[in-house]
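For reference, the chains in residue letters:
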Amino acid sequence: MSGRFLLTAHLNRLINALLVVTSLATACGMALLVQQAQENSMSMGLTRDQLPVYEEALRLVEAVSAERGPTNALLGGRGGDSHELARARALSDQRFARLQVLLQGCRQCSVTAEQAANGYQTLLQARARVDQRLRGTPDDPPSQDIATLVQGMFRALDSNFITADLTLHDLIQRSPAVAIYLVNAKLAARLRDTAGRLGSLLTPALQAQRLPSGAEQVQLLQTQGRINQLMDLLRSNLNLAPGRPEHDRFVQVQERYLGEGLDWYHQTLAALATGTAPTAASFAQGYVPTMVSILELRDEMLSLARDEADALAREAQLRLWLTIAAAVGILLALGTGLLLLKQRLLTPLLANTQRLLSLSRRARPLGTVAEDDPRSLFAAFAQLEDELLQADRLREERDALIAELGVRAETDYLTGLANRRAFERELAQGVTRTAGQLAAIAFDIDHFKRINDTYGHAAGDLLLQQLAQRCRELLRPGDRIARIGGEEFAVLADVAQPTDALALAERLRCGIAEAPFAVGPTEALPVTASFGVAVTPRLAEGVPVRLLAQADAALYRAKHRGRNCSEIAELG
Ligand SMILES: Nc1nc2c(ncn2[C@@H]2O[C@H](COP(=O)(O)OP(=O)(O)OP(=O)(O)O)[C@@H](O)[C@H]2O)c(=O)[nH]1
């Protein structure tokens, strides 16, 4: 393969490599974008899948909290219902079993089914202690008092809250956009539990129908403070604009629990002072239903979180498809663009590169650069530039030569004056140019043949040269003189009137006659000439030919009149 084909093959490979690299880089960028969109979409999908775990964890907490009602009622002695306790416990067990199933299927959950089971174990232990107390007989006295058992149930609840807390952490990390609803749901769940605790803390006093002890009063006040804190947090977190679902739910909490529920609690507390307090079970019957409003607020928050997660998942899915579509579009456009670029520009460019190299190598070899080296292209360019510069120089030389030939073609070789051809051209131009009158003066050396014959042809030439020089000196700058024949000359001059032309002829005639010409080392030859003058008054067709002919005719008359005189042509 010859060098230039090697070079174009080389360049072709280079261009192909560049196109492939560009395509790959773009494809990688697009793949990254698609991957990001896919991760986002998957992340929202994971959030949606994990939400049921969080909901179930909160419901388990609710169930464990709800167990305390019948537990306290039974521990309180009067009015307790063991069937109700069994139902409440069954509900907790059911919730726990369901949570276990959900956790086992949840790969994205940081909390495991085993960890949740450990929390539940605390509840089972608390239940066992309660049961022991409830079964208590004189032979087998209860080992723990009611307050301690109530505290055990509180701890059991806190242990089960951990599952909800860890799941909430996962969800917030992955999808901050739904965090606010989930946190509010947890606050509501906490509020429900704390409200339950307030009731539970009253149980020992209700069981004994006495005023709460000092320590119990402190705990009751702390719990009320916690309830106020949680309400404040919810008030500041919730979007309480009228018409929002959470607004109505929050108003319900204020009316039902803070109003009815806490009123009933305060009434019960006051009744303990007068010995007219209800049993723990009766208290629970009036108090527990008011807490339903808190659970409704929690469920509203969970519902909003679900809706938001669904909307975000749909949006992420749509964004993923749009990103894929955009990536495919961009890659197709890029591919088409590169293909067109190659077909329409690069391939023709390479073909022309090949031609360029052929041209430059035809002129001369490209020096030391290897023929398949892409740099030989630049050497070829430099070489072509040289060739073009050289061609420019040759063109300039040719133009100068043509110009010189033109001058020579219109110059009389002997005298250096314009020749007849130049004179006729000048005459034609003069006629078209002048706005005044144009004079043609023809003159001829008298008896020149005799001079030639007597002194030789060379002396005749010398005389012609000297006479030409003298006439040149006698003329005005704008006048043109030419040698139009052997010893015949002519002058072209702009004049105001015919007498001016005659005066010019006379000036030349006298100038020639007044001093002899040196035609040899010693010979000084007096010479005369005869003049014929013609003037054209205005521009007219055929004037040049006629003007010179008229001047010639006048010259002829001057010769016949005896020579060394000037004749002017008749105006016609
Ligand atoms: N030396 C020389 N002689 C030339 C040149 N051209 C023409 N002649 C001569 O000029 C002479 C012209 O002669 P004629 O036509 O008879 O005119 P003439 O002798 O000047 O006579 P008139 O014009 O009638 O006064 C000829 O002998 C030509 O050979 C030239 O370039 N050099």
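Residues numbered from 1 in each chain as written. Predicted model: local features only at pLDDT ≥ 70, side-chain atom pairs only at ≥ 80, totals over all residues. Heavy atoms only, no water.

Asker: Please provide a residue-by-residue account of the overall build of the protein chain, values included.
Answerer: Looking only at helices and strands, one finds 15 helices and eight strands in the protein chain. Taking all 572 residues of the protein chain together, the buried fraction comes to 42%. A fraction of 74% describes how many contacts in the protein chain between residues 6 or more apart in sequence connect residues 24 or more apart. (Helix = DSSP H or I, 4+ residues; strand = E, 2+ residues; numbered from the N terminus. Buried < 20%, exposed > 50% of the residue type's maximum accessible area, 1.4 Å probe, protein only. Contact = heavy atoms within 4.5 Å.)

Asker: Can you explain the site of the ligand? Please cite residues and give values.
Answerer: Around the ligand there are 16 residues in total, and Phe448, Asn452, Asp461, Arg483 and Arg563 lie nearest to it. The separation between an oxygen atom of the ligand and a polar main-chain atom of His447 is 2.8 Å. Protein contacts shield 68% of the accessible area of the ligand, which totals 660 Å² for the unbound molecule. Looking at the shell around the ligand, the elements that each hand over two or more residues are β2 (437–445), α12 (448–455) and α13 (457–474). Among the residues making up the shell around the ligand, the classes are represented as three nonpolar, five polar and eight charged. (Near = heavy atom within 4 Å. Polar contact = N/O pair within 3.5 Å; in protein donor to acceptor, adjacent residues only side chain to side chain. Areas by Shrake-Rupley, 256 points an atom, 1.4 Å probe, with all protein chains shown as cover. Nonpolar A, V, L, I, M, F, W, Y, C, P; charged D, E, K, R; others polar.)

Asker: Describe the environment of Phe531, and please don't skip the residues or the numbers.
Answerer: Considering the arrangement of structural elements, one finds Phe531 in strand β7 (residues 529–536). Residues Phe531 and Phe489, 42 residues apart in the sequence, show an inter-C-alpha distance of 9.5 Å.

Asker: Can you lay out the UniProt feature "transmembrane region" (unreviewed entry) in the protein chain for me, pointing to particular residues and giving the numbers?
Answerer: Mapped onto the present numbering, the UniProt feature "transmembrane region" (unreviewed entry) falls at residues 320–341. For residues 320–341, helix accounts for 100% and strand for 0%, while the C-alpha atoms at its two ends are 31 Å apart. (UniProt positions renumbered as here; feature names shortened; annotations may be inferred.)

Asker: How would you sum up the layout of surface pockets? Please name residues and give values.
Answerer: Of the voids in this model, the largest pocket is the one considered here, and its volume is about 330 Å³. If you trace the largest pocket, you find 23 residues lining it, with Gly69, Pro70, Ala284, Gln285 and Val288 closest to the centre. Only α1 (3–75), α5 (179–208) and α8 (280–287) provide two or more residues apiece to the lining of the largest pocket. The leading source of residues in the lining of the largest pocket is α1, at seven residues. (1 Å grid on protein atoms, 1.4 Å probe; cavity = no way out; pocket = protein on both sides within 12 Å on 5 of 7 lines; lining within 4 Å. Points joined across faces, edges and corners; volume = space filled by probe spheres on them.)

Asker: Requested: an account of the confidence of the model for the protein chain, with residues and values cited.
Answerer: On average, residues of the protein chain carry a pLDDT of 88, and 92% of them reach 70 or more. Here the predicted complex scores 0.58 on pTM and 0.97 on ipTM. (pLDDT = per-residue confidence, 0-100.)

Asker: How would you summarise the sheet that holds β7 if you had to cite specific residues and measurements?
Answerer: Read across the sheet, six strands follow the order β1-β3-β4-β2-β7-β8 without closing on themselves; strand pairing throughout is mixed. Only two strands of the sheet have a single partner each, and these edge strands are β1 (418–419) and β8 (566–568). Of the strand pairs in this sheet, β2 and strand β4 (residues 488–495) are connected by eight bridges, and their pairing is antiparallel. Residue Gln437 lies in a different strand from β4, and its bridge partner there is Val495. Of the strands in this sheet, β2, β3 (480–483) and β4 are in contact with α13, which crosses β2 at around 150°. (Pairing = 2+ DSSP bridges. Axes fitted to C-alpha atoms, helices over the stretch in contact; angles between N-to-C directions.)

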